[in-house]
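Single-letter residue listing:
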Amino acid sequence: MKLKSSSEFIAKSLEGSLEEKEREIAVLKEELRRIRERLRNSIVPVEEMLKRRGMVIFKKEAKDDTLVPSDDYEEVFYEKLKRYSFRLFLRDLIKYQHGFSVKDLIHYSTEEVTREYLDYCIECGIVIALKEGRFSLSRVPIKSFGITLEWFVSKILEKEFVASTIWGVRFKNTVKGGDYDLIANMEGKILYMEIKSSPPKQIYDTEIRTFLDRIDEINSDISIFFMDTELRMKDKIVPMFDIELQNRYGMKRPEIQRMERELFSIQDRIFILNSKDNIVTNIGTALNWYFRKRG
């Protein structure tokens, strides 16, 4: 009896300790949320910075074209998007958006992981179940994963780096036109980011040229050419940048410097990144590099 009583006492003590720790963690999370909110409220909105530069926005953040659930599910969805396999899964959902089975989605993950992702997408309402093991997106058409990726990267800058952001931006009366994928206020600096969901083989020299032209037009302090791929950037993307820089500056073209792995810098203010290992860490590496070298 004594042994049983001792075991029950220890079990109750541990249970009480766990509940107390969970309450402490919840309090700390809420405090962190409030601190981040106060920091965001103290940041000058990036729209104001652009307005001072004569950049007039007429379109931004077309959320209807994103594959993003309701606000109740947004935080979990954001965390899942940090997984490369989940982003690849969402691309397949969009590819087969009008009707698909589990087998259509087993390209980059096991069937077990695929079913887990699919169950979550049904739960949060972006997928609906049809008959006989078939599914579809709850809202169609979704043009591409690219717009959802822009939303996700903007959330990374807001949540992880406390920046003011806008994405999917079009301006009035600009020379180059087109969409600026993401613009942010990063410690009073204008950050412009081009975000590619396509693999390197689908990127062409015109896109590199447009990216560099837009840097000049917006006069950004920090510029990032980001590709959501784990493939090497050195094989095609970096040589394309080198050719375009040579076309612009000849023998005086700036050097493309490897920071680490497949992350590159041009003059410590233009960065070429992929998403291998960790997308948040890779963006952080570019920001750290800029503020240590130039900021």
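Since we're looking at a predicted model, the values are computed, not measured. (Residues numbered from 1 in each chain as written. Predicted model: local features only at pLDDT ≥ 70, side-chain atom pairs only at ≥ 80, totals over all residues. Heavy atoms only, no water.)

A.B. asks: Which residues make up the overall build of the chain, and what values do they have?
C.D. replies: Counting its secondary structure elements, the chain contains 10 helices and 10 strands. Within the span of the chain, comprising 295 residues, buried residues form 44% of the whole. Restricting the contact set of the chain to residue pairs at least 6 apart, pairs at least 24 apart contribute 65%. About 16200 Å² of surface is accessible on the chain, with carbon and sulfur atoms providing 50% of the total. (Helix = DSSP H or I, 4+ residues; strand = E, 2+ residues; numbered from the N terminus. Buried < 20%, exposed > 50% of the residue type's maximum accessible area, 1.4 Å probe, protein only. Contact = heavy atoms within 4.5 Å. Areas by Shrake-Rupley, 256 points an atom, 1.4 Å probe, with all protein chains shown as cover.)

A.B. asks: For helix 9 (residues 237-249), give the residues involved together with the corresponding values.
C.D. replies: Between its first and last C-alpha, helix 9 extends 18 Å over 13 residues, near the 18 Å set by a 1.5 Å rise per residue. Of all the positions in helix 9, only Ile237, Val238, Met240, Phe241, Glu244 and Leu245 are classed as buried. Along the axis of helix 9, the buried positions cluster into a sector of 155°, meaning they face one direction only. Those residues of helix 9 that are exposed and aimed more than 90 degrees away from the buried face are Ile243 and Asn247. Each element contacted by the buried residues of helix 9 is listed here: helix 8 (205-218), strand 7 (222-227), strand 8 (256-260), strand 9 (263-266) and strand 10 (270-273). (Expected span 1.5 Å × (residues − 1). Arc of directions from axis to C-beta.)

A.B. asks: How would you summarise the sheet that holds strand 5 (residues 180-186) if you had to cite specific residues and measurements?
C.D. replies: Pairing is mixed in the open sheet, where 8 strands are placed in the order 1-4-5-6-7-10-9-8. Edge positions in the sheet fall to strand 1 (57-59) and strand 8, since each of these pairs with one other strand and no more. Adjacent strand axes in the sheet meet at a mean angle of 35°, parallel and antiparallel pairs treated alike. Pairing between strand 6 (residues 189-196) and strand 7: 6 bridges, direction parallel. (Pairing = 2+ DSSP bridges. Axes fitted to C-alpha atoms, helices over the stretch in contact; angles between N-to-C directions.)

A.B. asks: Give a description of the packing of helix 3 (residues 71-81) against helix 4 (residues 84-95) that names residues and reports values.
C.D. replies: The contact between helix 3 and helix 4 brings their axes to 7 Å, and the two run at 105°. Relative to helix 4, helix 3 is oriented roughly perpendicular. Across the interface between the two elements, Phe77, Lys80 and Leu81 of helix 3 pack against Phe86, Arg87 and Leu90 of helix 4. (Parallel < 35°, antiparallel > 145°, perpendicular 65-115°, else oblique.)

A.B. asks: Tell me about the pattern of salt bridges, and please be specific about residues and values.
C.D. replies: If you walk through the whole model with that rule in mind, you get 28 salt bridges. The residue Lys155 makes a salt bridge to Glu74 at a minimum N-O spacing of 3.6 Å. Here Lys155 is found in helix 7 (residues 146-161), whereas its partner Glu74 is found in helix 3, with 81 residues between them in sequence. Comparing Lys155 with Glu74, the two get one shared label, buried. Between Arg209 and Glu244 there is a salt bridge, with its nearest N and O atoms 3.3 Å apart. Of the two residues, Arg209 is situated in helix 8 and Glu244 in helix 9; the sequence distance between them amounts to 35 residues. The network of salt bridges with shared partners includes Asp205, Arg209, Asp213, Asp216, Glu244 and Arg248. (Salt bridge = Lys/Arg side-chain N within 4 Å of Asp/Glu carboxyl O.)

A.B. asks: Residues and numbers for the side chain of Ser223, please.
C.D. replies: One can find Ser223 in strand 7. Separated by 2.6 Å, the side chains of Ser223 and Ser220 make a polar contact. In this structure Ser223 touches Tyr192, Phe211, Ile215, Arg269, Ile270 and Phe271, once residues within four positions along its chain are discounted. (Polar contact = N/O pair within 3.5 Å; in protein donor to acceptor, adjacent residues only side chain to side chain.)

A.B. asks: Tell me what's going on with helix 4, and back it up with residues and numbers.
C.D. replies: Residues three or four positions apart in an α-helix share a direction because the helix packs 3.6 residues into each turn. Here helix 4 spans 17 Å end to end across 12 residues, near enough to the 16 Å set by a 1.5 Å rise per residue. Among the residues of helix 4, Phe86, Arg87, Leu88, Phe89, Leu90, Arg91, Asp92, Leu93 and Ile94 are the ones counted as buried.

A.B. asks: Can you lay out the nonpolar core for me, pointing to particular residues and giving the numbers?
C.D. replies: If you look at the biggest cluster of nonpolar residues, it comprises 53 residues, and the most contacted ones within it are Leu90 and Leu93. Here Leu93 is in contact with Leu67, Phe100, Leu105, Cys121, Val127 and Leu137, once residues within four sequence places are set aside. (Core = buried A, V, L, I, M, F, W, Y, C linked by side-chain atoms within 4.5 Å.)

A.B. asks: Please set out the environment of Glu61 residue by residue, giving values where relevant.
C.D. replies: Here Glu61 lies in the loop between strand 1 and helix 3. Taking the C-alpha atoms as reference points, Glu61 and Glu150, 89 residues apart in sequence, are found 8.9 Å from one another. Each residue touching Glu61, except ones within four places of it in the same chain, is listed here: Thr165, Ile166, Trp167 and Gly168.

A.B. asks: Explain unusual backbone geometry to me, and be specific about the residues and the numbers.
C.D. replies: The omega torsion across Val140 and Pro141 is 0°, close enough to zero to call that bond cis. Even without glycine at this site, Asn219 takes up a positive phi of about 55°. Checked against the element boundaries, Asn219 lands in the loop between helix 8 and strand 7.

A.B. asks: So what's going on with the pairing of strand 8? Which residues, and what values?
C.D. replies: The side chains of a regular strand alternate between both faces of the sheet. Relative to strand 9, strand 8 is paired through 4 bridges, and the arrangement is antiparallel. Note that in strand 9 the partner of Arg258 across the bridge is Phe264. Linking two consecutive strands that pair antiparallel, namely strand 8 and strand 9, is a turn of 2 residues; a positive phi of about 45° is found at Arg261 within it.

A.B. asks: I'd love a proper account of the environment of Ile218, names of residues and values included.
C.D. replies: If you trace the backbone, Ile218 turns up in helix 8. Spatially, the C-alpha atom of Ile218 lies 8.2 Å from that of Tyr192, the residues being 26 residues apart in sequence. In contact with Ile218, not counting residues within four places along its chain, are Leu50, Arg53, Met55, Tyr180, Ile183, Ile190 and Tyr192.

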